[in-house]
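# Commentary on secondary and tertiary structure
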Amino acid sequence: MSLDTADASAASPAAASTEDTFAGISLRRLAWRRLKRDKGAMIAMGVLILVFVTALLAPLIVSVLGLSPYDFDNSALDPALGSLPAGSWGGVSADHPLGVEPLTGRDLLARLLYGARVSMFIALTAVTLIAIIGTVVGIVAGYKSGWVDTIIGRSTDLLLAFPFILMLIALSPVLTQRLEALGLSPENARIIYLVIVFAFFGWPYLARLIRGQVLSLREREFVEAAVASGAPTRRILFKEILPNLWAPIIVYVTISLPTLIAAEAALSYLGVGVIEPTPSWGKMLADSVRYFAVVPTYLFIPGTALFVVVYAFNVFGDAVRDALDPRTGRNLR
Amino acid sequence: MGKAYKNGLRLAAVASVGALALAACGGGSTSSDASGSAAAAGVTEGTKGGTINALTLSEQWQHVDPQRMYTGVDIAFFTGYTTRTLTQYKYAPGAEGTTIVPDMATDLGTASADAKTWSFTIRDGVSFQDGTPVTCEDIKYGVSRTFATDIITDGPAYAISYLDIPKLEDGTSEYKGPFLAEGSIVAGFDKAVTCSEDNKTITFKLNRPVGDFNYAVTLPAFSPVPKAADTGEKYDDNYVATGPYKIQEYTKGQKMVLVRNENWDPASDDYHLAYPDQIVVSFAIDAAAIDQRLIADAGEDKTAVMVGQLQPENLATIFGTDDPRFKDRSVDGYDPYVRYTVINTQKVPNLKQRIAIAVAINRAEVIAARGGDFAGDIADGVIKPNLAADYAPSGMWTDMFGQAVPDTGDPEFAKKLIAESGEPMPELTYQFPQNPVDEKIAASYQAALAKAGITVKLEPIEPSQYYGIVFDPEKAQALIRSGWAPDWQNASTVIPELFGKTGGFNLGLVDDPAFEAKVQEAAAMTDRAAQGKAWQALNKEAMQNAWVVPTVFGKAQFLWGSNVGNAFLWDPYGSMPYGALFVKSA
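Residues numbered from 1 in each chain as written. Chains lettered and ligands numbered in written order. Predicted model: local features only at pLDDT ≥ 70, side-chain atom pairs only at ≥ 80, totals over all residues.

The secondary structure content of chain B amounts to 17 helices and 19 strands. The principal-axis extent of the C-alpha atoms belonging to chain B is close to 70 × 60 × 40 Å. The buried share of chain B, reckoned over its 586 residues, is 59%. Looking at chain B alone, contacts between residues at least 24 apart form 75% of all its contacts between residues at least 6 apart. (Helix = DSSP H or I, 4+ residues; strand = E, 2+ residues; numbered from the N terminus. Buried ≥ 20, exposed ≤ 12 C-beta atoms within 10 Å, placed from the backbone. Contact = placed C-beta atoms within 7 Å.)

This paragraph deals with the overall build of chain A. Per the secondary structure count, chain A includes 14 helices and two strands. For chain A, the proportion of its 333 residues judged to be buried stands at 43%. Pairs at least 24 residues apart make up 68% of the contacts formed inside chain A by residues separated by at least 6 positions.

This next bit is on the confidence of the model for chain A. All names here are of chain A. The predicted model of chain A averages 80 in pLDDT, with 89% of residues at 70 or higher. Segment residues 1-21: pLDDT under 50, and 23 contacts once partners within four positions in sequence are set aside and those in other chains are kept. In the model, residues 329-333 has pLDDT below 50 throughout and makes five contacts with residues more than four positions away in sequence or in other chains. (pLDDT = per-residue confidence, 0-100.)

Turning to helix α8 (residues 164-181) of chain A, a few remarks are in order. Residues and elements named next belong to chain A. With 18 residues, α8 extends 24 Å between its outermost C-alpha atoms, agreeing within 8% with the 26 Å of an ideal straight helix rising 1.5 Å per residue. At Ser 172, α8 is bent by approximately 55°, the largest bend along its length, and proline Pro 173 sits one to four residues beyond. By the burial criterion, the buried members of α8 are Leu 168, Ser 172 and Thr 176. At its buried positions, α8 is contacted by α9 (186-217) and α12 (246-269). (Expected span 1.5 Å × (residues − 1). Bend = angle between axes of the 7 residues up to and from the residue.)

Listed per partner, the contact involves 30 residues of chain B and 24 residues of chain A. Partitioned by chemical class, the residues of the side of chain B that touches chain A number 15 nonpolar, eight polar and seven charged. (Nonpolar A, V, L, I, M, F, W, Y, C, P; charged D, E, K, R; others polar.)

Turning our eyes to something else, we now look at the nonpolar core. If you look at the biggest cluster of nonpolar residues, it comprises 264 residues, and the most contacted ones within it are Val 305, Ile 343, Ala 360 and Leu 581 of chain B. Looking at this core, the element that brings in the most residues is helix α6 (residues 108-144) of chain A, giving 18 residues. Residue contacts for Leu 581 of chain B: discarding those within four places in its chain leaves Ile 52, Tyr 275, Val 305, Val 564, Gly 565, Asn 566, Ala 567 and Met 576 of chain B. (Core = buried A, V, L, I, M, F, W, Y, C linked by C-beta atoms within 7 Å.)

Residue and element names in this part refer to chain B. Counting buried residues in strand β1 (residues 51-55) gives four out of five residues, a clear majority hidden from the surface. Sheet topology note: the β1/strand β10 (residues 278-282) ladder contains five bridges and is parallel. Its bridge partner lying in β10, Asn 53 is registered against Val 280. Inspection of the sheet shows β1 paired to strand β11 (residues 304-306) by three bridges, in the parallel sense. (Pairing = 2+ DSSP bridges.)

All names here are of chain B. Strand order in the open sheet made by the six strands is β13-β17-β12-β16-β14-β15, with mixed pairing throughout. Of all the strands in the sheet, the pair left with one neighbour each is β13 (376-378) and β15 (456-461). On average, each strand axis in the sheet is tilted by 25° relative to the strand beside it, whichever way the strands run. Sheet analysis places β13 next to strand β17 (residues 548-559), joined by three bridges and oriented antiparallel. (Axes fitted to C-alpha atoms, helices over the stretch in contact; angles between N-to-C directions.)

Moving on, we get to the environment of Asp 138 of chain B. Residues and elements named next belong to chain B. With respect to the secondary-structure elements, Asp 138 resides in helix α3 (residues 136-145). In sequence terms Asp 138 and Glu 313 are 175 residues apart; their C-alpha atoms lie 47 Å from each other. If we ignore the near neighbours within four places in the chain, the residues touching Asp 138 are Pro 224, Val 225 and Pro 226.

Looking now at the environment of Leu 479 of chain B. Residues and elements named next belong to chain B. The topology assignment puts Leu 479 in strand β16 (residues 479-484). Given 27 C-beta atoms within 10 Å, Leu 479 falls into the buried group. Between the C-alpha atoms of Leu 479 and Val 548, which are 69 residues apart in sequence, the distance is 9.0 Å. Not counting chain neighbours up to four residues away, the residues in contact with Leu 479 comprise Thr 341, Ile 343, Leu 428, Thr 429, Tyr 430 and Gln 431.

Looking now at the packing of helix α13 (residues 281-289) of chain A against helix α14 (residues 296-324) of chain A. Residues and elements named next belong to chain A. Contact geometry for α13 and α14: axes closest at 8 Å, N-to-C directions at 145°. Crossing geometry of α13 relative to α14 is assigned as left-handed. Side by side, α13 and α14 meet where Trp 281, Met 284, Leu 285, Ser 288 and Val 289 of the first sit next to Tyr 298, Leu 299, Pro 302, Gly 303, Ala 305 and Leu 306 of the second. Tallied by class, residues from the contact of α13 with α14 come to nine nonpolar, two polar and no charged. (Left-handed = near helix turned anticlockwise from the far one by under 90°.)

All right, on to helix α13 (residues 436-451) of chain B then. Residues and elements named next belong to chain B. Its 16 residues give α13 an end-to-end C-alpha distance of 23 Å, which sits within 8% of 22 Å, the value for a rise of 1.5 Å per residue. With 13 of its 16 residues buried, α13 lies for the most part within the structure. Gly 453 sits one or two residues past α13 and shows a positive phi near 80°.

A few words now on the sheet that holds strand β5 (residues 117-121) of chain B. Residues and elements named next belong to chain B. Spatially, the four strands line up as an open sheet ordered β4-β5-β7-β6, and their pairing is antiparallel. Each of the sheet's edge strands pairs with one partner strand only, and the pair in question is β4 (110-111) and β6 (193-195). The pairing of β6 with strand β7 (residues 201-205) spans three bridges and is classified as antiparallel. Along β7, the bridge assignment pairs Thr 194 with Thr 203. Sheet strands touched by α3: β6 and β7. Its angle to β6, the strand with the most contacts, is close to 165°.

Residues and elements named next belong to chain B. Judged by how many residues are buried, β15 sits mostly within the fold: five of six residues are covered. Pairing analysis gives six bridges linking strand β14 (residues 428-433) to β15, with the strands arranged parallel. Of the residues in β15, the one forming a bridge with Thr 429 is Lys 457. Handedness of the crossover joining β14 and β15 through α13: right-handed. (Right-handed = clockwise from strand over helix to strand, strands pointing away.)

Here it is, written out as structure tokens:
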């Protein structure tokens, strides 16, 4: 799927306004132009940027608002109701714009913002590791073929065959203890543990995808030309082949990010995710499910946040894929 | 020792330990004319037939083996259905429930003048589920199993502590139970527990006066086991019943089915009411699902009871509005437990530092996280007010440490104490079973102690492994969540257990010979009023030493199906009165 300019321009009966410039346009700019035309993608991107910025600036925002994700507030709870939030809408008040957590009175807005940091950190770090490992292994396997490919192929098969969620739960106590022994706090150990496990079980999918791409790429003329002209293998792999793989990598990344955020939520729900007092969206969701009947707003807040972000990522990822791949019909109108 | 349930019911959140008797018993008339009728038992007459369903989050009962059974709710369940004991608590609401009545014995036992010898006579017609009559030798054999502490684990140790058998230098009994082929010195045990010629009367010789020994024999640890059927560690799975029901099926993680024991002779039993035809226990049901099923009250759940307690999120729905749907099938009352946090004396040997931890903890947040008004009251010691004879305010939070400590904790005072302690505060780790309530309390501890400059690491532990870990001195950390209920109406089942060197629940590894001597002195007192004063003083001394930080004198809340009769909060075990339950219309 090499997206050289000739292909792309041929595939793009672009509007008359762009006609005078398309001859010299780069692949990246072309994709960006296609993406910009997709309104849904732009909205999704705006949402994602907003979430990233608020997550990044969470400590600042929270302190400006005079909130804290960790401070208990008994005054916001009603002891006669078994420590449910006092007042309507889950304890919404000037002090607590989104209400408070039952039993503790911790501020939900602050926990939502801090939770975004944790959830995003886990998803982004894991996906970065997956992209690096998956790409490198995939390229090597695809290009080298022979026994290297066989060994890598069998080991990815092995990892893919693992019942991943079960392994995650089973390994949790052992591995987190090991990480704590390295001097990490228990809260951080859980976070790092999630990242490691997501990355470890996530890369084979990408590696397979990349390997398939490389298998067809290495038969292409420009690769053969490079080989014929005596270019070293490393150059061929990373200068000739890799640039042609960005599309599948980016697509894979944007599609796995929401999966990872949701997986963090699911694992926190199962009790092997992050632990107190660290907030994460998954943890909030897991806690709030118990209150769906009595404090529905509590469930609604992390639920909506998770839904919006996962949906935005999916829309955006889909649009990026379309923008990068000229053969999909949608952007060819 | 009760281990916590799988996912943390609130009771489990407590350490469902040796939960036994409590509430003001005091002068209750221990009528010996129990006639077996519901009226005599203090409950309403029920109808026979139908199935009672018990729903529980836990994967299994802690133990079915009577000598290993020590969790309050387990004892309440099995003594109600399958396991007969010499005496047992009366099925009655309120304080009357903490009086004892004879079960397998003809009366409440006969004590010698010095209360060092107790005899009980077994009623005619008492038999095992295969029809073999229960004899004194069977009870004696059952009691002997307690001494095999390597195999018969987790059970109460009163037989070892009370029976007049020579002790070895390390404080353990010279008798090591019935499983050792050789090397066990049986003569001492044979002298301490004797049977009459007709094998009907069992006599216990004690090493000190125990005026309320007939309360101790409510424990299934003093119930019979047929020697031929004893499979040691595996007896948990092959229990031979003596009560009106026997175990038809027990699949851990799924269900237990109890059916009528045709060899149980009603003429031999004035205690058991035996109304339903069948009892079905369903294991491993999510706590939230149990609540929702009982709230919905549909189909089979109409005859269901919860083994654990209501979850905090549902308390307002059920008790907040006098809702007629729940009014007659729910209860909110004090349970026998005191919840506290142990400060491990090996990890924090410095007294000032222990006091600093105690005053820094925010008790108001703990109460809120446990459910506000439904949690109970702020505790000031390990003896609860409903143990009336032995309770006196300890003054822990008013003047014990030289100044009042507000419910929200006093970080400045804690800092001052740390400065006075003369050494740097070690970094602490708090161990707790991972469940939604305890992890909130853990977060509160971490934040409150941080304000006093104390760093706390949190170590959540999978609930079913909790006590296994914190009981291991190698793995126990500085702060350990726990809870305790007296085994009967005497703090002799509290103070020595929690703070005695050989106490069964000494999680803080307290080793204080002077304190120990005073405990022994108090335990031997025959004047109950003087003994009560002694326990009050020792409770206070334990708090002065900050061996534990008491947090809550707890309450319990239950909901049951609309077709269940005789359901209430039964004081001795803080549970349902299982043996009295019946199906209103089958």
